[in-house]
Amino acid sequence: MAGTFTVTLDLTETPVLLAGGDAEQAEALLAAGARLRVVAPAPGPALAALAEAGRLTLHRRAVLPADLDGVRLCVVALEGAAGEAVAAMARAAGALVSAVAAPPRACRGRASLVGAGPGDPALLTVKAVRALETADVVLYDKLIDPRLLDLAPAAARRIDVGKRCGRHAMSQAAINRLLVAEVRRGGHVVRLKGGDPFVFGRGGEELEALRAAGAAVEVIPGITAALATAARLGLPLTHRGLSRSLHLITAHGREGDVPPHDWRALAAAGGTLAVYMGARTLPRVAEALLAAGMPPATPAIAVENATLPGERRIRRTLADIAAAVAEAAVEGPTLTLIGEVVALAGTEAPAEAARHAA
Ligand SMILES: C[S@@+](CC[C@H](N)C(=O)[O-])C[C@H]1O[C@@H](n2cnc3c(N)ncnc32)[C@H](O)[C@@H]1O
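Residues numbered from 1 in each chain as written. Predicted model: local features only at pLDDT ≥ 70, side-chain atom pairs only at ≥ 80, totals over all residues. Heavy atoms only, no water.

**Some words on the site of the ligand**
Moving on, step 1. Around the ligand there are 17 residues in total, and Asp196, Val199, Thr224, Ala306 and Thr334 lie nearest to it.
Moving on, step 2. Between the ligand and Asp196 there is a distance of 2.8 Å, counted from an oxygen atom to a backbone nitrogen or oxygen.
Moving on, step 3. Val199 has a polar backbone atom sitting 2.7 Å from a nitrogen atom of the ligand.
Moving on, step 4. Burial of the ligand by the protein chains amounts to 92% of its free accessible area of 570 Å².
Moving on, step 5. Residues that form the shell around the ligand fall into these classes: 11 nonpolar, five polar and one charged.
Moving on, step 6. Split by domain, the residues of the shell around the ligand number at least three in each of domain 2 (106-222) and domain 3 (226-352). (Near = heavy atom within 4 Å. Polar contact = N/O pair within 3.5 Å; in protein donor to acceptor, adjacent residues only side chain to side chain. Areas by Shrake-Rupley, 256 points an atom, 1.4 Å probe, with all protein chains shown as cover. Nonpolar A, V, L, I, M, F, W, Y, C, P; charged D, E, K, R; others polar. Domains from an automatic or database assignment.)

Take a look at the structure:
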């Protein structure tokens, strides 16, 4: 840009005014050591949260000449005439002016892909709670507990994108488009997903779409169903002498059929197998493992609604687990664990199930 020269400033303990702008710009200035004053007519909740945390002072109005008293640098993040007026005011007050070029449409907001865990709200991570507390909008899957949505500010929008066990009310492409559109609107977009975003959650596709749009994205892991289920059962997924590996597989392929896994390798590995999305295709999974040489007596357990009210356990062997699951007519999300470690699973109903259901 003509008439400008890029400089690096030491802002340690330097009074800085941010006119307009968002939490990301504020965080960058705070990280540089600035003593930050923000004047913005309509600050987002994330910016307000920084003020509440005492990290900056915030005035919800237009910039006044008095706001520039003692200010060495004024960062103008307002567009058009409003931005020009503040820049002129700042120059008149002897401050350096940094006009944040109107942020590219794609980069106005930021997104967090957040794992919500298996269902029990107590299994949310602290980082996930923080993300929700600073959300401007939450896009959530169908099985998300409403109590998690209550963690978002009252003013935050909540959008049900209706994804449930591989069935989508909204196509994945439509979810990706919506995410990008929300990030372009600005603010903090939280995409709240069951379990972990990167375990059969299509979080990778959402991350790609957001990155392609130039958004800043943070991924916050969640407790995936296999880990939560094993914990509920008191079943170590790896155990000296019994299992040296854990394999997470999906039983739901592109056409709704079982994907072409290397069944021989899985059967030969002698580890623990966690089968996701297998309630309907379990007969073919068991058949393939038996044909690949896995012993019919291998212990197996299917758990429906692990960590949720209505949790059900169906414990059999590889030879008869599929028939038992079909007979139980499971409706909720169901995970099947197969392997010698399943013999270590507890049988009693977990003590805290009643507490959770209350
Ligand atoms: C689309 S995948 C999503 C997995 C998720 N990203 C995770 O990390 O747990 C859905 C499958 O996860 C498993 N699942 C998720 N939550 C579960 C729960 N509470 N109990 C049992 N299985 C669950 C089931 O196999 C279900 O069909």
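Picking up where we left off.
**Digging into the environment of Leu29**
Moving on, step 1. Inspection of the secondary structure puts Leu29 in helix 1 (residues 23-31).
Moving on, step 2. Once residues within four sequence positions are removed from consideration, Leu29 is found in contact with Leu11, Val16, Leu18, Ala34, Leu36 and Val75. (Helix = DSSP H or I, 4+ residues; strand = E, 2+ residues; numbered from the N terminus. Contact = heavy atoms within 4.5 Å.)

**So, the environment of Asp22**
Moving on, step 1. The residue Asp22 is located in the loop between strand 1 (15-20) and helix 1 in this model.
Moving on, step 2. Between the C-alpha atom of Asp22 and that of Ile249, which follows or precedes it by 227 residues, the distance is 41 Å.
Moving on, step 3. Excluding residues that lie within four positions of it along the chain, Asp22 makes contacts with Leu47 and Arg108.

**Regarding the domain arrangement of the protein chain**
Moving on, step 1. Here the protein chain is partitioned into domain 1 (15-102), domain 2 (106-222) and domain 3 (226-352).
Moving on, step 2. Computed from C-alpha atoms alone, the centre-to-centre distance between domain 2 and domain 3 is 28 Å.
Moving on, step 3. Counting from both sides, the interface comprises 10 residues of domain 2 and, opposite them, 13 residues of domain 3.
Moving on, step 4. Here domain 2 and domain 3 share an interface that buries about 900 Å² over both sides, 68% of which is from carbon and sulfur atoms.
Moving on, step 5. Our count for the domain 2 to domain 3 interface comes out at zero salt bridges.
Moving on, step 6. Residue classes in the side of domain 2 that touches domain 3 are distributed as six nonpolar, one polar and three charged. (Buried area = accessible area lost by both parts, 1.4 Å probe. Salt bridge = Lys/Arg side-chain N within 4 Å of Asp/Glu carboxyl O.)

**Describing helix 4 (residues 126-133)**
Moving on, step 1. Ala128, Ala131 and Leu132 are the residues of helix 4 that are buried. Down the axis, helix 4 shows its buried residues gathered within 100° of arc, on one side only. Set apart from the buried face of helix 4 by more than 90 degrees, the exposed residues are Val126 and Arg130.
Moving on, step 2. Buried positions along helix 4 lie against strand 6 (109-115), strand 7 (137-140), helix 5 (146-149), strand 11 (187-193) and strand 12 (216-220). (Buried < 20%, exposed > 50% of the residue type's maximum accessible area, 1.4 Å probe, protein only. Arc of directions from axis to C-beta.)

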